Amino acid sequence: MSVMAEPELNSLRQLPAVATVLATAEAAALLERHGRVATTDAIRQAIDSAREALRATPAAVPGAIEIAQRAGELLEAHAPGLRPLFNLTGTVLHTNLGRAVLAEAAIEAAVAAMRHAVALEYDLADGSRGERDDHLRSLLCALTGAEDATVVNNNAAAVLLCLNTFALGREAVVSRGELIEIGGAFRLPDIMARAGARMVEVGTTNRTHPADYQDALNERTGLVLKVHTSNYRIQGFTAEVGARELAVIAAAAGVPLLNDLGSGSLVDLSRYGLAKEPTVREAVAEGARLVTFSGDKLLGGPQAGFIVGDRALIEQINRNPLKRALRVDKLRLAAIEATLNLYRDPDRLAERLPTLRFLARGKANIEAQARRLQPAVAERFGGAFVVEVGDCLSQVGSGALPLDTLASAALMIRARGSQGALEPLAAALRVLPRPIIGRIADGALRLDLRCLAEADEAPLLESLARLNVDGLTAHAP
Ligand SMILES: *Cc1c(COP(=O)(O)O)cnc(C)c1O
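Bear in mind the structure is a predicted one, so any value in this text is a computation, not a measurement.

Describe the environment of alanine 110, naming the residues involved and giving the relevant values.
Relative to the assigned elements, alanine 110 resides in helix α6 (residues 104-115). Given the relative accessible area of 13%, alanine 110 is considered buried. Taking C-alpha positions, alanine 110 is 39 Å from alanine 378, a pair spaced 268 residues apart along the chain. Beyond its immediate chain neighbours, meaning those up to four positions away, alanine 110 contacts Leu331, Ala334 and Ala335.

Structure follows, in structure tokens:
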């Protein structure tokens, strides 16, 4: 321990005590707002920081009011990590930004389920115990043509549960061309191992033939797996066995075919000017006895995994104890039910489902919005940055339609005279009370407006008004 000089020791003694700070009017306001425990902690933290600062450099000793103010700043700095932001990345289903934004009907249903008791596992007709999946079963069957359906936490869980139910201690046959990894920790070989299935790879990376599957099938086989290569394409000299043919091969061997669609759409997207992604109804009609897909990708709902298919198989899945561990809560069930209900009226689906509304937006519409906002945005950025309307390409995201881009328009922000200021600018936009997330490319910070709802235009300008541009240009080389 270093010996302190006399004047420094004196100044440390002059720091106010916690009780003194708590007695100020400033602290009273903090107590009212944040409560006793958090306020006292923040005051202690403010005093500790002041003590450290004084030890480092002698300076004026802050009084009780100033400490209370600093404590207030500390308390306000704890903005919730999951606060709303503006997704102007151009990726509609951005996994890191929470994928699908929910429809109003789904939001209302989830809020009601939070606020009130609901008949989650209760049969209102006869007052007996009910099944939580019953709420969705008939809707899912009507929308997909399947005999039965069940729902779990996400599509990774759906695949895990199917594998564990039908291939535990048995073999699961899959093409080498379909051994996918999906963003981060979902790797098919790992999921198969954790499900207790022995993976039997057939074919090669680029070509798999019917005989490859037939040769691998035997009395130890529990399941044949087909996986939609959702986030990549193998092009060139390729061959794969289609689901229809594979369903026949699996049936002849007496084992179910599971077709994991990943995104899996409930409607034909070409109707909205998008490239075609296989629909769940088609996958069911092709003969797969089980089909799995996500709730928060193209479907546009909350995170969930659906398994649809043969009644006998779904019943077996529901009896697996893992199902209990992977089940979905009432909030999400309410939101899923409301989202699925929107699909019963396809004519108004694009109006009501934000995911589809964003995906279906034409470039002209986005560009008009960009032109409308450009003058106000340019003004917010002052003279240090140039703001122009430019062309860009949006993506669907979440591995859906990986090669398809959507023509879009963006506000392109360039530093006047230097490009070095873009990183600090992007960082400053990320820490706004409502963060703005764009993308830096070709010397510009690009704000793709595809996912900016009209109702969010004014909040975006309000957010930008809080940006301190002066601090940013100082960093420019
Ligand atoms: C996205 C995806 C998954 C995982 O789905 P989550 O809902 O993210 O758990 C599984 N398989 C395929 C083919 C996918 O595209």
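Please give an account of the layout of surface pockets that cites residues and values.
Approximately 920 Å³ is the volume found for the largest pocket. Along the wall of the largest pocket there are 31 residues; nearest its centre are Pro84, Leu85, Leu97, Val101 and Arg434. Where the lining of the largest pocket is concerned, the elements lending two or more residues are β1 (86-87), α6 and α17 (354-360). Here the lining of the largest pocket takes four residues from α17, the largest share from any one element. Here the lining of the largest pocket is composed, by residue class, of 18 nonpolar, six polar and seven charged.

Hey, could you go over the nonpolar core for me, with residue numbers and the actual values?
Counting residues in hydrophobic clusters, the biggest one holds 58 residues, and the most contacted among them are Val224, Val291, Phe293 and Leu340. Taken domain by domain, this core gets at least three of its residues from each of domain 2 (86-96 + 357-465) and domain 3 (104-352). One finds Val387, Leu411, Leu422 and Leu452 within the second-largest nonpolar core, a separate group that totals 31 residues.

Report on the packing of helix α18 (residues 363-381) against helix α20 (residues 457-465), specifying residues and quantitative values.
Look at α18 against α20: their axes get within 10 Å of each other, and the N-to-C directions meet at 15°. Here α18 is positioned roughly parallel relative to α20, judged by the angle of their axes. Crossing angle aside, the handedness with which α18 passes α20 is right-handed. Listed contacts from α20 to Gln369, Arg372, Leu373, Ala376, Val377, Arg380 and Phe381 of α18 are Glu457, Leu460, Leu461, Leu464 and Ala465. When the residues that make up the contact of α18 with α20 are grouped by side-chain class, the tally is eight nonpolar, one polar and three charged.

Tell me what's going on with the site of the ligand, and back it up with residues and numbers.
Contacts to the ligand come from 14 residues, most closely from Ala156, Ser230, Asp260, Ser294 and Lys297. The contact in question runs from an oxygen atom of the ligand to an N or O atom on the backbone of asparagine 155, over 3.1 Å. For the ligand, a nitrogen atom lies 2.7 Å from a polar atom in the side chain of aspartate 260. Out of a free accessible area of 380 Å², the ligand has 95% covered by protein chains. Of all the elements in the fold, those that place two or more residues in the shell around the ligand are α8 (155-167) and β10 (257-262). Class assignment for the residues of the shell around the ligand results in five nonpolar, six polar and three charged.

Which residues make up a nonpolar patch on the surface, and what are the values?
A cluster of nonpolar side chains, contributed by Ile107, Val111 and Met114, occupies part of the molecular surface with about 230 Å² of accessible area. With respect to the helices, strands and loops of the structure, isoleucine 107 is situated in helix α6. Note on isoleucine 107: relative accessible area 34%, which makes it partly exposed.

Break down the side chain of threonine 229 for me, citing the residues and quoting the values.
Tracing the chain through its elements places threonine 229 in the loop between β9 (221-227) and α11 (243-252). Take threonine 229: its relative accessible area is 18%, and that puts it in the buried class. If we skip the residues at most four places from it in the chain, threonine 229 touches Gly177, Glu178 and Ile180.

With reference to specific residues and values, describe the pattern of salt bridges.
Where side chains of opposite charge bring their charged atoms close, a pairing between them can arise. With the rule as written, the count across this model stands at 31 salt bridges. Measuring nitrogen to oxygen at the nearest pair gives 3.0 Å for the salt bridge that ties arginine 99 to aspartate 296. In this pair, arginine 99 sits in the loop between β1 and α6 while aspartate 296 sits in the loop between β11 (290-294) and β12 (305-309), placing the two residues 197 residues apart along the sequence. Looking at aspartate 296, the relative accessible area reads 8%, which means it is buried.

Help me get a handle on empty space enclosed by the protein, residues and values and all.
Within the structure shown, the criterion is met by one cavity of 30 Å³ or more. Empty space within the largest cavity amounts to approximately 30 Å³. In terms of lining residues, the largest cavity is bounded by Ser265, Val267, Leu269, Leu298, Tyr343, Leu353 and Leu356.

Help me get a handle on the sheet that holds β11, residues and values and all.
In any sheet, the strands associate via hydrogen bonds between backbone groups, in a parallel or an antiparallel arrangement. Pairing in this open sheet of seven strands is mixed, and the strands run β4-β12-β11-β10-β9-β5-β8 from one edge to the other. Two strands bound the open sheet, and with one partner strand each, they are β4 (148-152) and β8 (198-202). Going across the sheet, the axis of each strand differs from the next one's by a mean of 25°, ignoring polarity. The sheet contact formed by strand β5 (residues 171-175) and β8 spans five bridges and is parallel. The partner of alanine 172 across the bridge, within β8, is methionine 199. Taken strand by strand, helix α7 (residues 134-144) contacts β4, β11 and β12, and its axis lies near 115° from that of β4. Against the sheet, helix α13 (residues 311-319) engages β4, β11 and β12, with an angle of about 30° to β4.

Calculation rules
Residues numbered from 1 in each chain as written. Predicted model: local features only at pLDDT ≥ 70, side-chain atom pairs only at ≥ 80, totals over all residues. Heavy atoms only, no water. Helix = DSSP H or I, 4+ residues; strand = E, 2+ residues; numbered from the N terminus. Buried < 20%, exposed > 50% of the residue type's maximum accessible area, 1.4 Å probe, protein only. Contact = heavy atoms within 4.5 Å. 1 Å grid on protein atoms, 1.4 Å probe; cavity = no way out; pocket = protein on both sides within 12 Å on 5 of 7 lines; lining within 4 Å. Points joined across faces, edges and corners; volume = space filled by probe spheres on them. Nonpolar A, V, L, I, M, F, W, Y, C, P; charged D, E, K, R; others polar. Core = buried A, V, L, I, M, F, W, Y, C linked by side-chain atoms within 4.5 Å. Domains from an automatic or database assignment. Axes fitted to C-alpha atoms, helices over the stretch in contact; angles between N-to-C directions. Parallel < 35°, antiparallel > 145°, perpendicular 65-115°, else oblique. Left-handed = near helix turned anticlockwise from the far one by under 90°. Near = heavy atom within 4 Å. Polar contact = N/O pair within 3.5 Å; in protein donor to acceptor, adjacent residues only side chain to side chain. Areas by Shrake-Rupley, 256 points an atom, 1.4 Å probe, with all protein chains shown as cover. Patch = residues over 30% accessible without salt bridge, like charges linked within 9 Å, V, L, I, M, F, W, Y side chains within 5 Å. Salt bridge = Lys/Arg side-chain N within 4 Å of Asp/Glu carboxyl O. Pairing = 2+ DSSP bridges.

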